[in-house]
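Remarks on the overall topology
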Amino acid sequence: MAIDIHWICDNDSLGQHCAEWQQLPFVALDTEFMRVDTFYPIAGLIQIGDGVRAYLIDPLTIDNWQPLAALLENPAVIKVVHACSEDLEVLLRLTGSLPVPLFDTQLAAAYLNLGFSMGYSRLVQAVLAIELPKGETRSDWLQRPLSETQISYAAEDAVHLAEVYIRLRPQLSEDKYAWVLEDGAELVANLRRDVDPYEVYRDAKLAWKLSRAQLAVLRELCAWREQQARARDLPRNRIVREHALWPLAKSQPDNLAALGKIEDMHPRTVRQDGEFLLDLIKRAASVPMDQWPPAVPEPLPVDAAALIKQLRALGQAFAERLDMAPELMLRKKTLEALVKSGYPEGPYQLPDSLRGWRRELMGQALLDSLATAGEQP
């Protein structure tokens, strides 16, 4: 089937089309980008589908993104995406805005129990019975002109995404539809939430094995790495490799030779930033005790696995009753945070990450299940 493709290559054309899209009930939205040697994704193409046509917006020839930002923020137009976390980063970088309300077809498929974390091709096959050609994901989206294959791939994405939405939307109960939008809003909120560079150390591998004095060094290293990645627009591992952070905080080298011997330390990092890192480590190691960060909690012991399994089974029972993919119910991090809140004796507290419909539906049942487990001999 021939796809009706419209190119949008200048500010006026974008403004005009965005004004038209503002009147629609929904638009399907996709992006193609490059992210090889940069921290931020570089937009190569923005695709919009209205259910009939594909519109290909060229970000290399447009510099006024205000009309698209206004469309993204219009609460009356549903924005349809698929597995969109990187697309959201592209849109935020380009327009300063994020799409609301957000309908992710990957999530909708899970709510309809078609499958969890379904790839786009598989979903199109399952819902529309269309076999998509193998993707162009690895091609150069910044080259001009784009190849015919790239253009048809990008246009098909926009058209079929709209068709998938049109097919899935009526199958969702009002509850499930609201839940898909709620999860979409959470994706957007997570991206809007600025990462505090001085909190990054908490997620570093093996941070729990370090003393509070060593954590003070790790905190500074992680914060500097995060800030530099953004400032230099380079991947974090190009600043300091992740596996070098822990041994740096642990052994705290005080000369370039010792720094170079740190596990996974790239010679380029020693050359470019070695002296600075030695100074940073020295300064962080000398902060007074009252400024040390709190200890990072240890991971749950192996014997807590049975408890997590019990809670997961509870979530699965709810999923079966609702005919949803069980993985949607309780994320691993949420389960671990819940068990950590009171292990082993209790009392337990629901973590902040369990919110919205999940908290309403399962919160009390989870606490009851943990209370019962605590009573068993």
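Predicted model only: the values in this text are computed from it and were never measured.

**Digging into the nonpolar core**
One finds Val80, Phe103, Tyr111, Leu172 and Met329 to be the most contacted residues of the largest nonpolar core, which totals 49 residues. Lining this core are residues from two domains, each supplying at least three of them: domain 1 (5–192) and domain 3 (303–373). Counting residues in hydrophobic clusters, the runner-up holds 30 residues, among them Val200, Leu218, Trp224 and Ile281.

**Some points on the UniProt feature "domain: HRDC" (unreviewed entry) in the chain**
When the UniProt feature table is mapped onto this chain, "domain: HRDC" (unreviewed entry) is found at residues 211–291. Along residues 211–291 the backbone is 73% helical and 0% strand, and the end-to-end C-alpha distance reaches 13 Å.

**Examining the domain arrangement of the chain**
According to the domain assignment, the chain consists of domain 1 (5–192), domain 2 (200–291) and domain 3 (303–373). Look at where the C-alpha atoms of domain 2 and domain 3 centre, and you get two points 36 Å apart.

**Looking at the side chain of Lys176**
With respect to the element layout, Lys176 can be found in helix α7 (residues 174–192). For Lys176, which is buried and forms no salt bridge, the nearest opposite charge comes from Asp323, at a distance of 5.2 Å. Engagement of the side chain of Lys176 in a polar contact is seen with the backbone oxygen of Tyr111, the distance being 2.9 Å.

**Considering the sheet that holds strand β3 (residues 42–49)**
The mixed open sheet is built from six strands, whose spatial order is β1-β4-β3-β2-β5-β6. One side of each edge strand has no neighbouring strand; the edge strands of this open sheet are β1 (5–8) and β6 (102–104). Here the average twist between neighbouring strands, direction ignored, is 25 degrees. Where β1 and strand β4 (residues 54–57) come together, four bridges link them in parallel fashion. Among the inter-strand pairings, Ile8 is bridged to a residue of β4, identified as Ile57. Seen against the sheet, helix α2 (residues 66–73) touches β2 (26–34), β3 and β5 (78–81) and runs at an angle of roughly 95 degrees to β5.

**Some words on the layout of surface pockets**
There is about 1,900 Å³ of room inside the largest pocket. Lining the largest pocket are 46 residues, with Glu199, Val200, Arg202, Asp203 and Lys333 sitting closest to its centre. When residues in the lining of the largest pocket are grouped by element, the largest group, five residues, is from helix α14 (residues 332–340). The residue inventory of the lining of the largest pocket, partitioned by class, reads 21 nonpolar, three polar and 22 charged.

Parameters at a glance
- Going along each chain's sequence as written, the residues are numbered from 1 onward.
- Where local features are concerned, this predicted model is filtered to residues with pLDDT of at least 70; where side-chain atom pairs are given and counted, the filter is 80 or more; whole-chain, interface and lining totals use all residues.
- Only hydrogens and water are set aside when side-chain values are computed; all heavy atoms of the structure are taken into account.
- What makes a nonpolar core is a set of buried Ala, Val, Leu, Ile, Met, Phe, Trp, Tyr and Cys residues whose side-chain atoms join them at distances within 4.5 Å.
- Relative accessibility decides the category of a residue: with a 1.4 Å probe and only protein chains considered, values under 20% of the type maximum give buried, values over 50% give exposed, and everything between is partly exposed.
- Per the annotation, domain bounds derive from an automatic or database assignment of domains.
- UniProt positions are given in the numbering used here, feature names are shortened, and annotations may be inferred rather than shown by experiment.
- Working definition: helices are DSSP H or I runs of at least four residues, strands are E runs of at least two. Numbering for both runs from the N terminus.
- Neither His nor the chain termini are counted; the positive set is Lys and Arg, and the negative set is Asp and Glu.
- Salt bridge, as used here, is a side-chain nitrogen of Lys or Arg placed within 4 Å of a carboxyl oxygen of Asp or Glu.
- In protein, a polar contact means a hydrogen-donor-capable atom and an acceptor-capable atom, both N or O and within 3.5 Å, with residues adjacent in sequence counting only if both atoms are side-chain atoms; elsewhere, any N or O pair within 3.5 Å suffices.
- A pair of strands is treated as paired once DSSP finds two or more bridges between them.
- Only the stretch in contact is used when a helix axis is fitted, and all axes are lines through C-alpha atoms; the angle between N-to-C directions ranges over 0 to 180 degrees.
- A contact between two residues is defined here by any heavy atoms of the two lying within 4.5 Å.
- Only protein atoms enter the 1 Å grid used here, on which a cavity is any set of points holding a 1.4 Å probe that cannot leave and a pocket is any open set flanked by protein within 12 Å on both sides along at least five of seven lines; residues with an atom within 4 Å of a point are listed as lining.
- Grid points are joined across faces, edges and corners, and a volume is the space filled by probe spheres set on the points.
- Each residue is assigned to one of three groups, with Ala, Val, Leu, Ile, Met, Phe, Trp, Tyr, Cys and Pro labelled nonpolar, Asp, Glu, Lys and Arg labelled charged, and all others, Gly among them, labelled polar.

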